[in-house]
Amino acid sequence: MAETNHHMDIDSDDHTYTARPDKAKSVVVASNPAAAGKAIPWVEKYRPLSLDDVAAHRDIVDTIDRLTTENRLPHLLLYGPPGTGKTSTILAVARKLYGSQYQNMILELNASDDRGIDVVRQQIQDFASTQSLSFGVKSSVKLVLLDEADAMTKDAQFALRRVIEKYTKSTRFALICNHVNKIIPALQSRCTRFRFAPLDAVHVTERLKHVIKAEGLDVEDSGLAALVRLSNGDMRKALNILQSTHMASQQITEETVYLCTGNPLPKDIEQISYWLLNEQFADSFKSIE
Ligand SMILES: Nc1ncnc2c1ncn2[C@@H]1O[C@H](COP(=O)(O)OP(=O)(O)OP(=O)(O)O)[C@@H](O)[C@H]1O
Ligand SMILES: [Mg+2]
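To keep things clear, this report deals only with the structure shown in the data block. None of the values given here were measured: they were computed from a predicted structure. (Residues numbered from 1 in each chain as written. Chains lettered and ligands numbered in written order. Predicted model: local features only at pLDDT ≥ 70, side-chain atom pairs only at ≥ 80, totals over all residues. Heavy atoms only, no water.)

With respect to the pairing of strand β1 (residues 76–79)
Working step 1: Going residue by residue along β1, you find Leu76 and Leu78 tucked away on one face and Leu77 and Tyr79 tucked away on the opposite face as well.
Working step 2: By the bridge criterion, 4 bridges tie β1 to strand β4 (residues 171–177) in an arrangement that is parallel. Note on β4: the bridge partner recorded for Leu78 is Ile176. (Buried < 20%, exposed > 50% of the residue type's maximum accessible area, 1.4 Å probe, protein only. Helix = DSSP H or I, 4+ residues; strand = E, 2+ residues; numbered from the N terminus. Pairing = 2+ DSSP bridges.)

Next up, the structure:
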């Protein structure tokens, strides 16, 4: 439960586009070389551009890649905790399908957009039912991306059921969410489901090393280990901690990482437990104070 809350915390405080610079639409910026400057958050700068760049989840990504290549993409439901690459994967698919035409062929809605029953009926229906003039695009099938779909009302989800069926010929739907149990079963059964698990330490380490090298950072092994430990398989969190620690101090060590995140250092905790277990209460209390 603690973990769920923790994940909810991350998502719940920023359900707007502007407050969430790493969200989908801004990916256009990431592919723009002029934007590779210092101001851009690393989560965006190092967002995977192609499916090959997505770390971990090899089996899922390869499956989606194959289906995309063969033009047999089903409706998708990607779910799992934050920062595991769900949005990045779908955007990479869109880029692969449509290249530079990407904006004409994809309708993207997320939690900050109004997505009540009317929006589902109107906006999605309008988009799905219009013929789009697309030149030089590999696929003529359009993509509706519903990010944070677990925040949609039940009514809207029920309305979506019909819309999905009606426009299956011309449109694919990709639903993304953290909590799959908030998606009504009828929608789940219309989609192919993929679960994005938290990244394991090896993949987080690998991806961090890539960024560390690209940015030319000075990171001690203990610092890297601390980043991996504190991020708990959330790649967005790992990159954010790396960047804020880097802004706070030149050298990235275990100590600076813990200082920056406000977590007590493991060696302090060890010392405190040692006192508690080995000394008289009064002495131990004094030492801890
Ligand atoms: N599998 C991954 N490989 C490489 N980078 C990743 C991966 N997952 C996340 N990231 C990094 O974290 C950032 C956020 O990832 P993304 O937006 O894809 O997460 P998400 O799974 O959609 O999270 P949320 O559920 O919070 O929307 C990306 O811009 C990228 O820098
Ligand atoms: Mg996302």
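A few points about the sheet that holds strand β2 (residues 106–109)
Across a sheet, paired strands are connected by hydrogen bonds in the backbone, their directions being either parallel or antiparallel.
Working step 1: Pairing within the open sheet is parallel, and its 5 strands lie in the order β2-β3-β4-β1-β5. On the outer flanks of this sheet lie β2 and β5 (192–195), each paired with one strand and no other. The sheet shows a mean angle of 15° between the axes of neighbouring strands, direction not considered.
Working step 2: Along the sheet, helix α5 (residues 86–98) contacts β1, β2, β3 (142–146) and β4; its crossing angle with β3, the most-contacted strand, is approximately 165°.
Working step 3: The sheet strands contacting helix α7 (residues 117–129) are β2, β3 and β4, and the helix crosses β2 at an angle near 160°. (Axes fitted to C-alpha atoms, helices over the stretch in contact; angles between N-to-C directions. Contact = heavy atoms within 4.5 Å.)

Some thoughts on the nonpolar core
Working step 1: In terms of nonpolar packing, the biggest core is built from 27 residues, with Val120, Ile124, Leu146, Leu160, Phe173 and Leu175 touching the most fellow members.
Working step 2: For this core, the elements supplying multiple residues, two or more each, are β1, β2, α7, β3, α8 (154–166) and β4.
Working step 3: Apart from residues no more than four positions distant in its own chain, Phe173 is found in contact with His75, Leu76, Ile124, Val144, Leu146, Leu160, Val163 and Ile164.
Working step 4: The next biggest cluster of nonpolar side chains, apart from the first, holds 26 residues, and it includes Tyr46, Ala55, Val211 and Leu224. (Core = buried A, V, L, I, M, F, W, Y, C linked by side-chain atoms within 4.5 Å.)

Some thoughts on helix α4 (residues 58–69)
Working step 1: Counted at 1.5 Å a residue, the expected span for α4 with its 12 residues is 16 Å, and the 16 Å between its end C-alpha atoms agrees.
Working step 2: Every buried residue belonging to α4 is among Ile60, Val61, Ile64, Leu67 and Thr68, and all of these are buried. Buried residues in α4, looked at end-on, bunch into an arc of 130°, giving them a common side. For α4, exposure combined with an orientation more than 90 degrees from the buried face picks out Asp59 and Thr69.
Working step 3: Tucked inside the fold, the buried residues of α4 contact β1, α5 and β5.
Working step 4: Backbone geometry just downstream of α4 places Asn71 in the positive-phi region, at approximately 60°. (Expected span 1.5 Å × (residues − 1). Arc of directions from axis to C-beta.)

Notes on the environment of Ile64
Working step 1: Assignment of secondary structure puts Ile64 in helix α4.
Working step 2: Separated by 13 residues in the primary sequence, Ile64 and Leu51 place their C-alpha atoms 8.9 Å from one another.
Working step 3: In contact with Ile64, not counting residues within four places along its chain, are Leu73, Leu78, Thr89, Val93 and Phe194.

Looking at the packing of helix α14 (residues 266–278) against helix α15 (residues 281–288)
For any two helices packed against each other, the geometry is given by the interaxial angle and the distance between the axes.
Working step 1: Contact geometry of α14 with α15 gives a least axis separation of 8 Å together with a crossing angle of 165°. In terms of axis orientation, α14 runs roughly antiparallel to α15. Between α14 and α15 the crossing geometry is right-handed. Touching Ile272, Trp275 and Leu276 of α14 are Ser284, Ser287 and Ile288, all from α15.
Working step 2: For the contact of α14 with α15, a count of residues per class yields 4 nonpolar, 2 polar and no charged. (Parallel < 35°, antiparallel > 145°, perpendicular 65-115°, else oblique. Left-handed = near helix turned anticlockwise from the far one by under 90°. Nonpolar A, V, L, I, M, F, W, Y, C, P; charged D, E, K, R; others polar.)

So, helix α12 (residues 235–248)
Working step 1: The end-to-end C-alpha separation of α12 is 20 Å, in line with the 20 Å expected for 14 residues at 1.5 Å each.
Working step 2: Of all the residues in α12, the buried ones are Met235, Arg236, Ala238, Leu239, Ile241, Leu242, Gln243 and Thr245.
Working step 3: Where α12 is buried, its residues contact α3 (42–45), α10 (201–215), β6 (218–219), α11 (221–231), β7 (251–252) and α13 (254–261).
Working step 4: For α12, the N-terminal cap is Asp234; the gap from its side-chain oxygen to the backbone nitrogen of Arg236 is 3.0 Å. (Polar contact = N/O pair within 3.5 Å; in protein donor to acceptor, adjacent residues only side chain to side chain.)

These figures come from the coordinates and say nothing about function on their own.
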